[in-house]
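# Examination of the molecular architecture
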Amino acid sequence: MINGKPYSLPLQEPVTNITMEDFAQACFSKGEGWHCLTAAEWGLLADTSLKLGTLPHGNTNCSHWHGDDKEQGIIIEDSYKTLTGSGPATWTHDHTASGVHDLCGNIWEFARGVRIRDGALWAAENNDAALPETDLTECGDGWKPITDAEGHPLYVAVEDNKITFNTYPSIHRDYCGCAWGNVRMNCDSEQLRALALFAGEEKAGCYVDSTEGEYILFRGGNWDNGGHAGVFHSSLYLPRSDADGSIGGRSAYFKKH
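Since this is a predicted model, take the numbers as computed values, not measurements.

For strand 13 (residues 230-238), the buried fraction is high: 8 of the 9 residues fall into the buried class. Bridge count between strand 11 (residues 205-209) and strand 13: 3 bridges; the pairing is parallel. In the strand pairing of strand 13, Val208 is matched with Leu236. In the sheet, strand 12 (residues 214-220) pairs with strand 13 via 4 bridges, with the strands oriented antiparallel. Of the residues in strand 13, the one forming a bridge with Ile216 is Leu238.

Below is the structure:
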């Protein structure tokens, strides 16, 4: 963050301690096309990595990758976070030096445009979360139900420490976290696949709060999540007002044609 604006630069400390909406507004302030990375864009990167067989490694064990201690980024003094882009090429979405860095571990990241509210899943249409005119306030009209293949709205039930995605509005409401491989998917949804909300990485974490209230999407995992971190890691259990030293975001850009 430089003079109140976020930049994608190598070897910098990632921005944290800011709410998602404040970060989004800082990105919009850079001009047309600039925005907080969206859930749709994160989904595209995750699905691309899965298709290429290049699921990214990252800072998942206090500056190291848990799968190989030799893979390490440059640690930030007095923390276990690493400088942006300081890890090896395997820490990018396509395992090349020019790929998108640090999608796995280091800090949780905002994925703007997906939330759970009172147990129901909502998203901005297409990639509209990248547009400043899309109203994604809690009661904004930019939110649309995430649906299955037949157009039925989707809900997330939490019962007996198990997470289930289904189309039944009468669900058991609780909080739970587990590996994606243990999540029940009682629905068929191309929209969930496009958003990379499925078991693309079996061991990556899926955390959900289906109780009353709104909880927004964070992705990637943290510097100490080990095998639960990953590009498919999903956390839907924190309110939009949350801001701390382990959560941040990245600016992205698109050019209108």
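Our next topic: unusual backbone geometry. For Cys62, which is not glycine, the phi dihedral falls at a positive 55°. Relative to the helices and strands, Cys62 resides in the loop between helix 2 (39-52) and strand 2 (64-65). Accessibility expressed as a relative area gives 24% for Cys62, which makes it partly exposed. Phi is positive for His95, which is not a glycine, with a value near 60°. Considering the arrangement of structural elements, one finds His95 in the loop between strand 3 (68-72) and strand 4 (108-117).

The subject of this paragraph is the nonpolar core. Grouped together as the largest cluster of nonpolar side chains are 34 residues, with contacts concentrated most on Val114, Leu121, Ile163 and Phe165. Considering each element in turn, this core owes the most residues, 4 residues, to helix 2. Each residue touching Val114, except ones within four places of it in the same chain, is listed here: Ala39, Trp122, Ala123, Trp143, Leu195, Leu197, Ile216, Leu217 and Leu236. Met20, Phe28, Phe110 and Phe218 belong to the second largest nonpolar core, which has 14 residues in total.

Here we take up the packing of aromatic side chains. Across all of its chains, the model carries 7 aromatic pairs by this definition. Cluster of aromatic residues (ring-pair linked, three or more members): Phe23, Phe110 and Phe218. We note Lys30 situated over the ring of Tyr7; from NZ or CZ to the ring centre the distance is 4.4 Å. If you follow Arg115 out to its NZ or CZ, it ends over the ring of Trp122, 5.5 Å from the centre.

In terms of burial, strand 8 (residues 162-166) is a largely internal element, 4 of the 5 residues being buried. Pairing of strand 7 (residues 155-159) with strand 8 involves 5 bridges; the strand directions are antiparallel. When the sheet's bridge partners are listed, Val156 is paired in strand 8 with Phe165. Linkage of strand 7 to strand 8, two consecutive antiparallel strands, is achieved through a turn of 2 residues, within which Asp160 is found at a positive phi near 55°. Looking at chain direction, strand 8 and strand 10 (residues 184-185) are connected through 2 bridges and run parallel. By the bridge assignment for strand 10, Phe165 is matched with Met185.

Criteria and thresholds
Residues numbered from 1 in each chain as written. Predicted model: local features only at pLDDT ≥ 70, side-chain atom pairs only at ≥ 80, totals over all residues. Heavy atoms only, no water. Buried < 20%, exposed > 50% of the residue type's maximum accessible area, 1.4 Å probe, protein only. Helix = DSSP H or I, 4+ residues; strand = E, 2+ residues; numbered from the N terminus. Pairing = 2+ DSSP bridges. Core = buried A, V, L, I, M, F, W, Y, C linked by side-chain atoms within 4.5 Å. Contact = heavy atoms within 4.5 Å. Phe/Tyr/Trp six-rings, centres within 6.5 Å; stacked < 30°, edge-to-face > 60°. Lys NZ or Arg CZ within 6 Å of the ring centre and 35° of its normal.

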